[in-house]
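# Coordinate inspection notes
Listed below are the residues making up each chain.
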Amino acid sequence: GPLKAPGHTVGLTVGGPLTQGVGNAIVAQRLEGAAVGGVSLPGSNAIGELGDIAAGGAFSLRNLGDLLLAGHLDVGGSAATFDVTGALSSAGAGRLTAAVLEGVVGGLTLGSPGNAVAAVGNLSVTGGDVLLRTGGDLEVAGHLSAAGRTVALHAGGAVTQGASGRLTAGMLEGSAASLALDGAGNVIPVLGGYTTTGGLSLATVTGLSLTGAVSAS
């Protein structure tokens, strides 16, 4: 049944997978804990923030409303999948370690330099801009869809595009060691300020307006 602790922290530490029936829900200010075999929470959850969570496998969460990443969500070499009706953001010590970030969110602001996100899969951003920062390489491996929105990609390494990757955005900006989004299907009408130290290559099916400083030294 539902687990209700409005305004309080729910801590769950389990020796196997943490799962939830679709008809159930967690109502809490904060969720934290650990699971050995991954986390799957597809119910109508109403969670204000995530603290430190070690998933030990794939992590998926459906949440009604905004969701704040306030601790370290660590899924290692697995995928983090979010279905969030509001904005997904981070603050303070909030950071994400995942092989792939995917799902549907209202807006995305994950700006911590401590993030370690290797790839963006199929990620639809329905109502806000995108800010994603990661310390290493970042691959656009699926469809990152943020039509009409600003997408800011900051990577300590290279930003690249996989065989099935494409980007739909109103404007692209950010910084990286290098940028190579030169695959088919990108819809990027505006390139804002982008800084690289190793070259920049971009392809779009639209016209392209340069509205910011582009540096590829």
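Parameters and conventions
- Residues numbered from 1 in each chain as written.
- Predicted model: local features only at pLDDT ≥ 70, side-chain atom pairs only at ≥ 80, totals over all residues.
- Heavy atoms only, no water.
- 1 Å grid on protein atoms, 1.4 Å probe; cavity = no way out; pocket = protein on both sides within 12 Å on 5 of 7 lines; lining within 4 Å.
- Points joined across faces, edges and corners; volume = space filled by probe spheres on them.
- Helix = DSSP H or I, 4+ residues; strand = E, 2+ residues; numbered from the N terminus.
- Nonpolar A, V, L, I, M, F, W, Y, C, P; charged D, E, K, R; others polar.
- Salt bridge = Lys/Arg side-chain N within 4 Å of Asp/Glu carboxyl O.
- Buried < 20%, exposed > 50% of the residue type's maximum accessible area, 1.4 Å probe, protein only.
- Core = buried A, V, L, I, M, F, W, Y, C linked by side-chain atoms within 4.5 Å.
- Contact = heavy atoms within 4.5 Å.

### Looking at empty space enclosed by the protein
Applying the stated rule across the entire model yields 1 cavity of 30 Å³ or more. Around the largest cavity, the lining residues are Leu12, Leu18, Leu31, Glu32, Gly33, Ala34, Ala35, Val39, Leu41, Ile53 and Phe59. Mapped by element, the contributors of at least two residues to the lining of the largest cavity are strand S3 (26–35) and strand S4 (39–54). For the lining of the largest cavity, the element with the most residues is S3, which contributes 5 residues. Per-class residue counts for the lining of the largest cavity are 9 nonpolar, 1 polar and 1 charged.

### Regarding the pattern of salt bridges
Under the counting rule described, the total for this entry stands at 3 salt bridges. With a closest N to O distance of 2.5 Å, Glu49 and Arg30 form a salt bridge. Note that Glu49 is positioned in strand S4 and Arg30 in strand S3, a separation of 19 residues in sequence. Looking at Arg30, the relative accessible area reads 21%, which means it is partly exposed. Where Asp83 meets Arg62, a salt bridge forms, and the shortest distance between an N and an O atom there is 3.9 Å. Here Asp83 is found in strand S8 (residues 79–90), whereas its partner Arg62 is found in strand S5 (residues 59–63), with 21 residues between them in sequence. You can call Asp83 partly exposed: its relative accessible area is 35%. Salt bridges here are not isolated pairs; linked through shared partners, they connect Arg30, Glu32 and Glu49.

### Quick word on the nonpolar core
Judged by nonpolar contacts, the single largest core of 52 residues is most densely connected at Leu50, Phe59, Phe82 and Leu172. Residue contributions to this core peak at 6 residues, all from strand S9 (residues 95–110). Discounting chain neighbours no more than four positions away, the residues touching Leu172 are Val151, Leu153, Leu167, Leu179, Leu181, Ile188, Val190, Leu191, Gly192, Tyr194 and Leu202.

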